[in-house]
Amino acid sequence: MKSPFYKIEVGLSGVDDATTCFNQTHDAFASAKSIIKVIWKGILVDAEVGSRRYIIVHGKNGSIQWSCTSNSNPDINDFELPEPFITEQNN
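As the structure is a prediction and not an experimental result, all values here were calculated from the model.

Novice: Explanation requested: the overall build of the protein in the structure shown.
Specialist: Within the protein, the regular secondary structure consists of one helix and five strands. The order of helices and strands in the protein, counted from the N terminus, is β-β-α-β-β-β. For the protein, the proportion of its 91 residues judged to be buried stands at 29%.

Novice: How should I be thinking about the environment of Thr 69 in this particular structure?
Specialist: Locating Thr 69 in the fold gives a position in the loop between β4 (62-67) and β5 (85-88). When the C-alpha atoms of Thr 69 and Ser 13 are compared, they prove to be 9.6 Å apart, with 56 residues separating the residues in sequence. Not counting residues up to four positions away in its chain, the partners in contact with Thr 69 are Ser 51 and Arg 52.

Novice: Help me understand the packing of aromatic side chains, please; the structure alone is not making it clear to me.
Specialist: Both the distance between ring centres and the angle between the ring planes are used here to describe each pair of aromatic rings. Evaluation of the coordinates by the stated rule reveals two aromatic pairs. Between Trp 66 and Phe 79, the aromatic rings sit 5.0 Å apart at their centres with planes inclined by 80°, giving edge-to-face as the arrangement. Of the two residues, Trp 66 sits in strand β4 while Phe 79 sits in the loop between β4 and β5, which places them 13 residues apart along the sequence. The exposure classification of Trp 66 matches that of Phe 79, with both residues buried. Between Lys 33 and the ring centre of Phe 79, over which it is positioned, the NZ or CZ distance is 4.9 Å.

Novice: Which parts of the structure should I look at to understand the environment of Phe 5?
Specialist: Its place among the elements puts Phe 5 in strand β1 (residues 2-12). Once the C-alpha coordinates of Phe 5 and Ala 32 are considered, the two residues, 27 residues apart in sequence, prove to be 8.6 Å apart. The contacts of Phe 5, once residues within four sequence positions are left out, are Asn 23, Gln 24, Thr 25, His 26, Pro 84, Phe 85, Ile 86 and Thr 87.

Novice: I would appreciate a short explanation of the pattern of salt bridges in the present structure.
Specialist: Side-chain pairs of opposite charge can arise where the charged atoms are in close proximity. Tallied over the entire structure, the rule returns one salt bridge. For Glu 83, the salt bridge goes to Lys 60, with nearest N and O atoms at 3.7 Å. Placement of the pair is Glu 83 in the loop between β4 and β5 and Lys 60 in the loop between β3 (53-59) and β4, with a sequence separation of 23 residues. Accessibility expressed as a relative area gives 39% for Glu 83, which makes it partly exposed.

Rules of the game
- Residues numbered from 1 in each chain as written.
- Predicted model: local features only at pLDDT ≥ 70, side-chain atom pairs only at ≥ 80, totals over all residues.
- Heavy atoms only, no water.
- Helix = DSSP H or I, 4+ residues; strand = E, 2+ residues; numbered from the N terminus.
- Buried < 20%, exposed > 50% of the residue type's maximum accessible area, 1.4 Å probe, protein only.
- Contact = heavy atoms within 4.5 Å.
- Phe/Tyr/Trp six-rings, centres within 6.5 Å; stacked < 30°, edge-to-face > 60°.
- Lys NZ or Arg CZ within 6 Å of the ring centre and 35° of its normal.
- Salt bridge = Lys/Arg side-chain N within 4 Å of Asp/Glu carboxyl O.

Next up, the structure:
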């Protein structure tokens, strides 16, 4: 069975701290977008002024990112995800 997924990267730019990366599988774009919204809104709620936190969603044909230091982030309520990676899973 084929399983679509995104590689999600969450980090703090400009420091030597480790970046957190994980693969998020999904059954529909709507569920993937919902998870990304929750993560980004959580980052914003907890971010200090001047925070350099970010999230990047990597897909097969590119990526999309949000950063606390950017004034030109994509609209979190209306964005397009890149094509997901596909992996074969044995059941």
